[in-house]
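Fold and geometry: a report
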Amino acid sequence: MCKYLTIGLIILGLILFNINNVYATFSRPNIHLQQTYRWDDRRDGADLYIQTLSLPFRYNFLKDKHSIKLNLFFQWRRNVERNLTQRKTFGLGLGKDFNRWLSLGADIQYSWYNEGFRDYGVFEKRSIPEGVLKLTLQKELIANGKFNMIGFVDNGIFFDLKNGREICNEISLGVIFPLGKNFQTQLDWLHIDRVPYYDSDAFEGSLTIKF
């Protein structure tokens, strides 16, 4: 399975880094802080409080005026009922918007786990390098100047780069509400398929502050 991730990263790299684009500039990075609460719909004691600190910016090609997205991020997940840190992740993401509704991306990250992999009730500690391939579809549903709403579907496939296998597939469906230039809220439903073990369904609500 790892070979498919490698092929995907190579294809994405060829798309994102066109060799004809020699001259390019970086945009000024921003700081985003996202606070998320995840309600697990299947299991008691599985709700999570998630904090994500990210530094998104763009790499702008001057020749043909397109750009790629880069994102340096750190995420911390804590089990609310168990008062337990379940995951810490640090990584770098790459992405490309092909039009207003389609984007592809890939993350390279390292994660420290203390959670259930084979069964939710049995917590295991492990730390592994990971790769994530992402596909996002989104569309502006309402835009009248005062109230905006964006619908989206997001699919992320996670790979264990140490052992060369797929470990997780996440699909989310939701809406985003921009609140001016510095705030954004999001509501979504999330399905997690832990290959080849158990599945989870959850609802999420988040608030993002942009500095």
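In this report, the structure presented in the accompanying data block is examined. (Residues numbered from 1 in each chain as written. Predicted model: local features only at pLDDT ≥ 70, side-chain atom pairs only at ≥ 80, totals over all residues. Heavy atoms only, no water.)

Regarding the pairing of strand β9 (residues 165-179)
The side chains of a regular strand alternate between the sheet's two faces. Direction of pairing for strand β8 (residues 148-160) relative to β9: antiparallel, over a ladder of eleven bridges. What sits directly across from G156, in β9, is E170. Linkage of β8 to β9, two consecutive antiparallel strands, is achieved through a turn of four residues, within which G164 is found at a positive phi near 65°. Two elements, β9 and strand β10 (residues 183-194), share twelve bridges in a ladder whose sense is antiparallel. For L173, the partnering residue across the bridge sits in β10 and is W189. (Pairing = 2+ DSSP bridges. Helix = DSSP H or I, 4+ residues; strand = E, 2+ residues; numbered from the N terminus.)

So, the nonpolar core
Listed in full, the nine residues of the largest apolar core are Y113, F117, I128, V132, F158, I167, C168, L190 and I192. Mapped by element, the contributors of at least two residues to this core are β7 (123-143), β9 and β10. (Core = buried A, V, L, I, M, F, W, Y, C linked by side-chain atoms within 4.5 Å. Buried < 20%, exposed > 50% of the residue type's maximum accessible area, 1.4 Å probe, protein only.)

Structural notes on the environment of Y197
Checked against the element boundaries, Y197 lands in the loop between β10 and β11 (199-210). Accessibility expressed as a relative area gives 36% for Y197, which makes it partly exposed. C-alpha of Y197 to C-alpha of I167: the two residues are 30 residues apart in sequence and 9.2 Å apart in space. Apart from the residues lying within four places of it in its own chain, the contact partners of Y197 are F117 and R118. (Contact = heavy atoms within 4.5 Å.)

Details of the side chain of D160
Mapping D160 onto the fold places it in strand β8. For D160, which is buried and forms no salt bridge, the nearest opposite charge comes from R165, at a distance of 4.4 Å. Reaching out from D160, the side chain makes a polar contact with the backbone nitrogen of K162 at a distance of 2.9 Å. Discounting residues that sit within four places of it in the chain, D160 has contacts with I128, P129, R165 and I167. (Lys, Arg positive; Asp, Glu negative; His and termini not counted. Salt bridge = Lys/Arg side-chain N within 4 Å of Asp/Glu carboxyl O. Polar contact = N/O pair within 3.5 Å; in protein donor to acceptor, adjacent residues only side chain to side chain.)

Examining the packing of aromatic side chains
Evaluated as defined, the whole model comprises four aromatic pairs. Geometrically, the ring pair formed by F147 and F177 is tilted, given 5.9 Å between the ring centres and 40° between the ring planes. In this pair, F147 sits in the loop between β7 and β8 while F177 sits in strand β9, placing the two residues 30 residues apart along the sequence. The class of F147 is partly exposed, set by a relative accessible area of 37%. Owing to a relative accessible area of 17%, F177 belongs among the buried residues under this scheme. (Phe/Tyr/Trp six-rings, centres within 6.5 Å; stacked < 30°, edge-to-face > 60°.)

As for unusual backbone geometry
In this model, V195 is joined to P196 through a cis peptide bond whose omega is -5°. Note on placement: P196 falls in the loop between β10 and β11. A positive phi is found at N83, a non-glycine position, where the angle reads about 55°. Mapped onto the elements, N83 comes out in the loop between β4 (67-79) and β5 (84-97). Given the relative accessible area of 56%, N83 is considered exposed.

A few points about the pattern of salt bridges
Oppositely charged side chains can form a pair if their charged atoms are brought close together. Enumeration over the complete set of coordinates arrives at eight salt bridges. Between E204 and R38 there is a salt bridge, with the nearest N and O atoms lying 2.7 Å from each other. Within this pair, whereas E204 is found in strand β11, its partner R38 is found in strand β2 (residues 32-40), the two being separated by 166 residues in sequence.

Brief notes about the pairing of β11
When β2 meets β11, the two strands line up antiparallel, connected through nine bridges. Bridge assignment links L33 to a residue of β11, and that residue is I209. The pairing of β10 with β11 spans eleven bridges and is antiparallel. What sits directly across from I192, in β11, is S200. Between β10 and β11, which follow one another and run antiparallel, lie four residues.

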